[in-house]
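# Summary of the model geometry
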Amino acid sequence: MRKNFGVKPWTYPQPVFIIATYDENGKPDAMNAAWGGISDNNQITMDLSASHKTVKNLLKTGAFTVSMADAAHVVACDYVGLVSGNNTPDKFEKAGFSASKSEFVNAPIIEELPMAVECKVINYDATTGRLDGEIVNVSIDESVLTEDGKTDLSKFEPIVFDPINATYVKLGEKVGNAFKDGNILR
Ligand SMILES: Cc1cc2nc3c(=O)[nH]c(=O)nc-3n(C[C@H](O)[C@H](O)[C@H](O)COP(=O)(O)O)c2cc1C
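In this section: the pairing of strand E4 (residues 36-40). In terms of strand pairing, E4 meets strand E5 (residues 43-47) through four bridges, oriented antiparallel. Residue pairing in the sheet places Gly 36 in a bridge with Met 46 of E5. Joining the antiparallel neighbours E4 and E5 is a turn of two residues.

The following block contains the structure:
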């Protein structure tokens, strides 16, 4: 027996993206976003409410970065999803985040989070909330890379969002090899 839950915005796993922007004065803001993902080789798509300070900022600067939350910064990453830069201007500092400007776009990199996707705004639809961004660079801190330049998830510890239990969960063990294990059934 399966139980039906009706219309819910539920999938597993959902990302814990931390979107960072500058306002017109170069002040950084960050927000938590679960609804988004890769939509082309050089494109990321998010669903962001027009009222967010983040959206106001990225429409002015034409840029944003998407970092992935990690286990070491759960409290800060949840905090930036609870409070708005619209009425808490020092939100970024209160989260304990430090900003350095991306080399590629007019948006901040959050130094405490090891991976950032640096994007230019392609378009934003205020009715649907859909934001498409062009990926112009991905930067990853060497502290979470292996000697051959790949990510070491035991060092990175990215977290995912469980929308049914409203919890954050660390990624678990490797259970297979992508583009390979399915070949056994060919
Ligand atoms: C786990 C979690 C996931 C969220 N996902 C989204 C999302 O996908 N889209 C969105 O518009 N807001 C999302 N939010 C809400 C924003 O992060 C929140 O409203 C934030 O205060 C906006 O900040 P800003 O006004 O400084 O940009 C999420 C919040 C949390 C805690």
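So, on to the sheet that holds strand E1 (residues 14-15). Spatially, three strands are ordered E1-E11-E12 in an open sheet, and the strand pairing comes out antiparallel. The open sheet is flanked by E1 and strand E12 (167-170), the only strands paired with a single partner. Judged from the four bridges that link them, strand E11 (residues 159-162) and E12 form a sheet pairing that is antiparallel. Each residue of the ladder has a partner; that of Val 160, found in E12, is Val 169.

Turning to its location among the elements, Asp 90 is positioned in the loop between helix H2 (74-79) and helix H3 (91-94). Taking the C-alpha atoms as reference points, Asp 90 and Leu 131, 41 residues apart in sequence, are found 25 Å from one another.

Further remarks concern the site of the ligand. Surveying the vicinity of the ligand reveals 21 residues, the closest of which are Asp 29, Asn 32, Thr 54, Ser 84 and Gly 85. A distance of 3.0 Å separates an oxygen atom of the ligand from a polar atom in the backbone of Ser 49. For the ligand, an oxygen atom lies 2.9 Å from a polar atom in the backbone of Lys 53. Those elements giving two or more residues to the shell around the ligand turn out to be strand E3 (28-33) and helix H1 (53-61). It is E3 that contributes the most residues to the shell around the ligand, four residues altogether. Partitioned by chemical class, the residues of the shell around the ligand number nine nonpolar, seven polar and five charged.

Relative to the assigned elements, Pro 13 resides in the segment before E1. Using a relative accessible area of 54% as the deciding quantity, one classes Pro 13 as exposed. Setting aside anything within four residues of it in sequence, one finds Pro 13 in contact with Val 160 and Phe 161.

A general feature of soluble globular proteins is that nonpolar side chains tend to end up buried together. Within the largest apolar cluster, 20 residues are counted, with the highest numbers of intra-cluster contacts made by Ile 19, Ile 44, Met 46, Leu 48, Phe 64 and Leu 131. Among the secondary structure elements, those contributing two or more residues to this core are strand E2 (17-22), E3, E5, H1, strand E6 (63-68), strand E9 (115-125) and strand E10 (130-140). The element that contributes the greatest number of residues to this core is E9, accounting for four residues. By size, the runner-up hydrophobic cluster in this structure holds 15 residues, among which are Ala 20, Ala 30, Ala 69 and Val 80.

Rules used throughout
Residues numbered from 1 in each chain as written. Predicted model: local features only at pLDDT ≥ 70, side-chain atom pairs only at ≥ 80, totals over all residues. Heavy atoms only, no water. Pairing = 2+ DSSP bridges. Helix = DSSP H or I, 4+ residues; strand = E, 2+ residues; numbered from the N terminus. Near = heavy atom within 4 Å. Polar contact = N/O pair within 3.5 Å; in protein donor to acceptor, adjacent residues only side chain to side chain. Nonpolar A, V, L, I, M, F, W, Y, C, P; charged D, E, K, R; others polar. Buried < 20%, exposed > 50% of the residue type's maximum accessible area, 1.4 Å probe, protein only. Contact = heavy atoms within 4.5 Å. Core = buried A, V, L, I, M, F, W, Y, C linked by side-chain atoms within 4.5 Å.

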